[in-house]
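Breakdown of the fold
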Amino acid sequence: MQDRGLAAYIAELVGTLLLVFFVTSVVVLYVAVGQNATFGSDFAVVGLTHFLVLFVLIASIGVASGGHFNPAVTAAFIALRRIDPIDGLVYMLAQLSGGVLGALLTKGLLLDEGRASDYGAVQVTDLLGGNLQGAIVEGIGAFVLVLAVLALALNPDIRRWAPLGVGAALGFAVMVLGPLTGGSFNPARWFGPALVGNEFADVWPYLVGPLVGAGLAAAVYRFVIEPASGPAQEAADQAAPRGPAPPAGEAPPLRQEHGAGPGGPGAPGGSGGPGAPGGGPGAPGGGQPPSKPPGGIAGS
């Protein structure tokens with residue numbers, strides 16, 4: 001668990017501000033309202049904007065805070081004890097504030113154009129049966145997004161792919177699910193435009209749905225993904241590396257940790273020089289076990 005400071009709080013506020021500003025601006029410009037509210041909208045452009053904006057924010061300002069920009073993401077990190085609960089609460093307040101400021105900026109620049117769409121506010125469309133279905137859709141989108149965040153951000157081997165992977169997860173989720181609920185998956189993204197545009201017709205689907213989806217994603221990560229990538233699995237891989245199954249009736253080969261193998265120092269199966277399988281410093285699995293990665297997409 002990592003303590004955060006003022007720089008991280010500011011980064012979450014500014015990052016969420018920019019995220020909500022660009023998202024609501026593209027919604028105002030590309031999502032039709034009225035009779036063409038669904039089929040006259042270009043959600044491919046909207047989804048691509050979500051992808052690119054989140055990618056850039058995580059790769060840049062996310063270094064200071066871990067790049068949450070979403071109370072649902074922060075709630076998942078709190079549940080997994082990757083961030084202090086007090087810091088998590090401050091993160092959420094900063095994100096909600098950033099969402100309001102981002103929506104205000106959209107209103108200031110697109111006052112007339114944004115009035116019809118309530119400055120990018122989202123609502124459950126008539127394609128769904130009601131708010132329950134809307135909450136399920138929002139939960140599915142948040143589940144996909146948060147699971148991508150956890151699986152990428154908390155794995156040091158692939159953490160460098162987090163900005164791309166998380167941005168892509170949000171982008172394709174918005175492309176597919178956006179016509180149904182607007183594709184929020186983020187209570188801060190919902191709250192800012194709802195407050196600025198005074199659009200509170202559908203409240204609980206955009207709060208309960210993402211938080212439940214984030215909780216399910218945290219559970220899947222904790223009980224499915226983490227055991228397959230944590231220290232316990234790494235120790236098991238040292239004893240019996242994962243790979244093709246041995247022929248029927250044969251035991252899998254065991255990696256020798258001590259004593260020279262038939263090939264002498266440095267040979268496969270021996271405990272030879274640096275870099276040899278099972279060897280000294282620099283060998284796979286040698287040295288100290290990896291420390292638990294800090295909570296955050298950017299690994300801050």
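Each remark here, short or long, concerns the structure printed above.
These lines cover the structure that appears in this document, whether it is placed above or below. (Residues numbered from 1 in each chain as written. Predicted model: local features only at pLDDT ≥ 70, side-chain atom pairs only at ≥ 80, totals over all residues. Heavy atoms only, no water.)

A separate point is empty space enclosed by the protein. On inspection of all chains with the given rule, the structure shows one cavity of 30 Å³ or more. Of the voids in this model, the largest cavity is the one considered here, and its volume is about 110 Å³. Forming the walls of the largest cavity are 17 residues, and the residues nearest its centre are L19, N70, L145, L170 and N186. When residues of the lining of the largest cavity are traced back to their parent elements, those giving at least two are α1 (6-30), α2 (43-59), α7 (131-153) and α8 (162-181). The class makeup of the residues in the lining of the largest cavity is 10 nonpolar, six polar and one charged. (1 Å grid on protein atoms, 1.4 Å probe; cavity = no way out; pocket = protein on both sides within 12 Å on 5 of 7 lines; lining within 4 Å. Points joined across faces, edges and corners; volume = space filled by probe spheres on them. Helix = DSSP H or I, 4+ residues; strand = E, 2+ residues; numbered from the N terminus. Nonpolar A, V, L, I, M, F, W, Y, C, P; charged D, E, K, R; others polar.)

At a minimum axis separation of 10 Å, helix α4 (residues 71-79) and α7 run at an interaxial angle of 50°. The orientation of α4 relative to α7 falls into the category oblique. Judged by the twist between their axes, the crossing of α4 over α7 is right-handed. Residues A72, V73, A76 and F77 of α4 lie in contact with α7, whose contacting residues are V146, V149 and L150. Of the residues contributing to the contact of α4 with α7, the split by class is seven nonpolar, no polar and no charged. (Axes fitted to C-alpha atoms, helices over the stretch in contact; angles between N-to-C directions. Parallel < 35°, antiparallel > 145°, perpendicular 65-115°, else oblique. Left-handed = near helix turned anticlockwise from the far one by under 90°. Contact = heavy atoms within 4.5 Å.)

All told, the structure shown has three salt bridges when counted by the stated rule. Residues E226 and R82 are paired through a salt bridge, measuring 3.1 Å at the closest nitrogen-oxygen approach. With E226 in the loop between α10 (204-225) and α11 (231-239) and R82 in the loop between α4 and α5 (85-109), this residue pair connects regions lying 144 residues apart in the sequence. With respect to burial, E226 and R82 carry one shared label: buried. Notably, a salt bridge pairs D112 with R115, separated by 3.3 Å at the nearest N-O pair. (Salt bridge = Lys/Arg side-chain N within 4 Å of Asp/Glu carboxyl O. Buried < 20%, exposed > 50% of the residue type's maximum accessible area, 1.4 Å probe, protein only.)

This part is about a nonpolar patch on the surface. Together, L132, I136, I140, W204, L207, V208, V212 and L216 make up an exposed nonpolar region whose accessible area comes to about 710 Å². At the level of elements, α7 and α10 are the ones that each hand at least two residues to the nonpolar patch. Per element, the largest residue contribution to the nonpolar patch is five residues, and it comes from α10. For V208, the position within the fold is in helix α10. (Patch = residues over 30% accessible without salt bridge, like charges linked within 9 Å, V, L, I, M, F, W, Y side chains within 5 Å. Areas by Shrake-Rupley, 256 points an atom, 1.4 Å probe, with all protein chains shown as cover.)

According to the stated counting rule, one finds six aromatic pairs in the structure shown. With a centroid separation of 6.1 Å and an interplanar angle of 85°, the aromatic rings of Y9 and Y91 are classed as edge-to-face. Residue Y9 is found in helix α1, and its partner Y91 is found in helix α5; the two are separated by 82 residues along the sequence. Y9 sits in the buried class, given a relative accessible area of 19%. Joined through ring pairs, the aromatic side chains of W190, F191, F200 and Y206 make up one cluster. Residue placement shows R222 over the ring face of F223; its charged tip is 5.4 Å from the ring centre. (Phe/Tyr/Trp six-rings, centres within 6.5 Å; stacked < 30°, edge-to-face > 60°. Lys NZ or Arg CZ within 6 Å of the ring centre and 35° of its normal.)

Let us look at the packing of α1 against α5. Between α1 and α5, whose axes approach to 7 Å, the crossing angle comes to 35°. For the pair α1 and α5, the sense of crossing is right-handed. Here the residues of the contact of α1 with α5 sort into 14 nonpolar, nine polar and two charged.

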